[in-house]
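Reading the structure
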Amino acid sequence: MITDVCCRNDSDRESFYQMQVIPTTFEDGEKGCTIVLEDITERKRYIRNTMFLARTAMDLVDLPPVEDIYQYIVDRLTELVPGARTYLFAHDEVDRQFVIRAVAGEGFREGLTELLRRDPVGLVLPVARAFDAPYHQTPHVMRGMQEFVLRPEPASWPFYDLCFGAIPKEVCEEILSRFNIGTLWTAGLVWREQLFGIAGIFLEQGEDLENRETVESFIRQVSIALARRQIEERFRLSGERFRGMVDSSPFAVALIDHGGRFVYVNRKFVEVFGYGPDDAPTCSEWFRLVFPDAGYRQEAIESWHSDLERSVAGQIRPRAFTVRCRDGSRKVILFRAVTLPDGTQYLTCEDITEEARTYRLLLADIADLRHREQEMLLKDRAIASTGRAVALLDLDGVVIYTNPAYLTLWGYRTAEEVRGSHFSRFWEHPEEAREAVRTALEGKVWHGKLTGIRSGGETFRADLLGTPIIGRDGRVLGMMAAVTAGRVKDERS
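Residues numbered from 1 in each chain as written. Predicted model: local features only at pLDDT ≥ 70, side-chain atom pairs only at ≥ 80, totals over all residues. Heavy atoms only, no water.

**With respect to the sheet that holds strand 5 (residues 97-104)**
The strands making up a sheet associate through hydrogen bonds between their backbones, and the pairing can be parallel or antiparallel. In spatial order, the strands read 6-5-4-9-8-7; together these 6 strands make up an open sheet with antiparallel pairing. At either margin of the open sheet sits one strand with a lone partner, and together these are strand 6 (124-125) and strand 7 (146-149). With 10 bridges joining them, strand 8 (residues 181-191) and strand 9 (residues 194-204) adopt antiparallel strand pairing. Note on strand 9: the bridge partner recorded for Thr186 is Gly200. Set on the sheet, helix 2 (residues 69-80) makes contact with strand 4 (85-92), strand 5 and strand 9; between it and strand 5 the angle comes to about 50°. Strands strand 8 and strand 9 of the sheet are contacted by helix 7 (residues 212-247), whose axis makes an angle of about 40° with strand 8. (Pairing = 2+ DSSP bridges. Helix = DSSP H or I, 4+ residues; strand = E, 2+ residues; numbered from the N terminus. Contact = heavy atoms within 4.5 Å. Axes fitted to C-alpha atoms, helices over the stretch in contact; angles between N-to-C directions.)

Structure (structure tokens):
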């Protein structure tokens, strides 16, 4: 018969043996048995530790994000080192401090709470001082297991110094005494020169750290798990920031993968078009919805492919199309597509319906203004070329324009000599001219004969026709004075 047996010594340590019981006949013919014991303690430990690491590796992969990974770590350490009391510091890179996240071991948390007069979990210790003098620790040094003998006499640093003075000396002594602590083993949770925390194992006096290699392997496992968690958390926060930024964008935004499927659309996208990925998961389906006309849809698809073939990553490809939305309305959308480095299409869609309508109206207004400008030019040239003297007056009766015939009749060389003067200046009896202006500005026509005064002082009789200039809204804008000269009356000398 062959079987495995377990024995415990006075210190409660386990030893394993493979026992063979062999039937034996002695020399005197008496029957009995021969027992052969083979020490297989190391083999058993190896198998048990290998199974432990395989199990923890699976656990750390499957551990939900909401699970307390720190408590899991210290619980597994106490399982790996029976009778030990363990703790874990998490490193806060921003504040450069360490926070106790978990403790484990029989009565350890309760005892610490009593001695510290507070729950040890959440306690901040200035462990960051370990990187300064006189400790000079680095992530590389912390990566390995370090032993600190605390009792009966500290071999290097007393427990108070290892707490960096955050716990009073007398409390430190009480902790060591109550739990009969002899040594402290520490290991940094380090991955690729980044420190995530420190795990500590307190052993009672006279106890040695068994399974050291397995403890170190487990520490490497959890270091990688913490690094992965941190990366996943950063990705999660980055994703949340991206979604928050894109969702608050005034433009509709969509991400499209290599297969033409919508990876993400923001709220504005659904608001503008009325369709989301649930209605049309792919571009092809979405194109059929927003471009119901087959010919126009094909034009849009060909433009998309043509622009894509001629572009490079990071280049913006703008196109404007008229789409039909879910509610039946038609909108003019300016599409701006960009190929990201990984091949994903980043698409922004701006509703420019109002801008397009305003642009069309502006073009119509420009065309109308040009037409009016031509009309005004014709009128201006007609007035300028007529043989009758013509002057245009504003609402104050001030001359703002005269044609060449007017200047010739009054004997002036340039329009600047006349422009800006009141119309009554050019007549022998100013009050008569003012009456003509007043009548025309009231919206009536004035016609009569007045005596004009030329620039040289000579007078002449003239026929004056004053007509109001009326705008489209019916308001009087000024007066047009048309003058025909008669004979010269006399000369001032």
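**Some points on the sheet that holds strand 3 (residues 31-39)**
What the 3 strands build is an open sheet, ordered 1-2-3; its pairing is antiparallel. Bordering the open sheet on either side are strand 1 (2-8) and strand 3, each of which pairs with just one other strand. If you compare each strand with its neighbour and ignore which way they point, the axes differ by 35° on average. Here strand 1 pairs with strand 2 (residues 14-25) via 7 bridges, running antiparallel. Counterpart to Arg8 in the pairing with strand 2 is Glu14. Running over the sheet, helix 1 (residues 41-62) touches strand 1, strand 2 and strand 3 and is turned about 130° from strand 2.

**A short note on the packing of helix 1 against helix 7**
Where helix 1 contacts helix 7, the two axes come as close as 10 Å, and the packing angle between them is 10°. In terms of orientation, helix 1 lies roughly parallel with respect to helix 7. Judged by residue contacts, Asn49, Phe52, Leu53, Thr56, Ala57, Leu60 and Val61 of helix 1 engage Thr214, Ser217, Phe218, Gln221, Val222, Ala225 and Arg228 from helix 7. Within the contact of helix 1 with helix 7, the residues separate by chemical class into 8 nonpolar, 5 polar and 1 charged. (Parallel < 35°, antiparallel > 145°, perpendicular 65-115°, else oblique. Nonpolar A, V, L, I, M, F, W, Y, C, P; charged D, E, K, R; others polar.)

**Brief notes about the packing of aromatic side chains**
Tallied over the entire structure, the rule returns 28 aromatic pairs. Centroid distance Phe291 to Phe321: 5.9 Å. Interplanar angle 75°. Geometry classified as edge-to-face. Note that Phe291 is positioned in the loop between helix 9 (283-290) and helix 10 (294-310) and Phe321 in strand 12 (residues 316-324), a separation of 30 residues in sequence. You can call Phe291 buried: its relative accessible area is 2%. (Phe/Tyr/Trp six-rings, centres within 6.5 Å; stacked < 30°, edge-to-face > 60°. Buried < 20%, exposed > 50% of the residue type's maximum accessible area, 1.4 Å probe, protein only.)

**Side note on the side chain of Glu350**
With respect to the secondary-structure elements, Glu350 resides in strand 14 (residues 345-351). Aside from chain neighbours lying at most four places away, what touches Glu350 is Phe251, Val332, Ile333, Leu334 and Arg336.

**Remarks on the pairing of strand 13 (residues 330-339)**
With 8 of its 10 residues buried, strand 13 lies for the most part within the structure. Pairing of strand 12 with strand 13 involves 9 bridges; the strand directions are antiparallel. By the bridge assignment, Pro318 is partnered in strand 13 with Arg336. Adjacent in sequence and paired antiparallel, strand 12 and strand 13 are bridged by 5 residues, among which Gly328 carries a positive phi angle near 90°. The antiparallel pairing of strand 13 with strand 14 creates a hairpin that spans 5 residues between the two strands, and Gly343 there sits at a positive phi of about 95°.

**Quick look at the packing of helix 3 (residues 108-116) against helix 6 (residues 169-178)**
Contact geometry of helix 3 with helix 6 gives a least axis separation of 10 Å together with a crossing angle of 155°. The orientation of helix 3 with respect to helix 6, classified from their angle, is roughly antiparallel. Considering only the axes of helix 3 and helix 6, their crossing is right-handed. In contact with Gly111, Leu112, Glu114, Leu115 and Leu116 of helix 3, helix 6 contributes Val171, Glu174, Ile175 and Arg178. When grouped by side-chain class, the residues that make up the contact of helix 3 with helix 6 number 5 nonpolar, 1 polar and 3 charged. (Left-handed = near helix turned anticlockwise from the far one by under 90°.)

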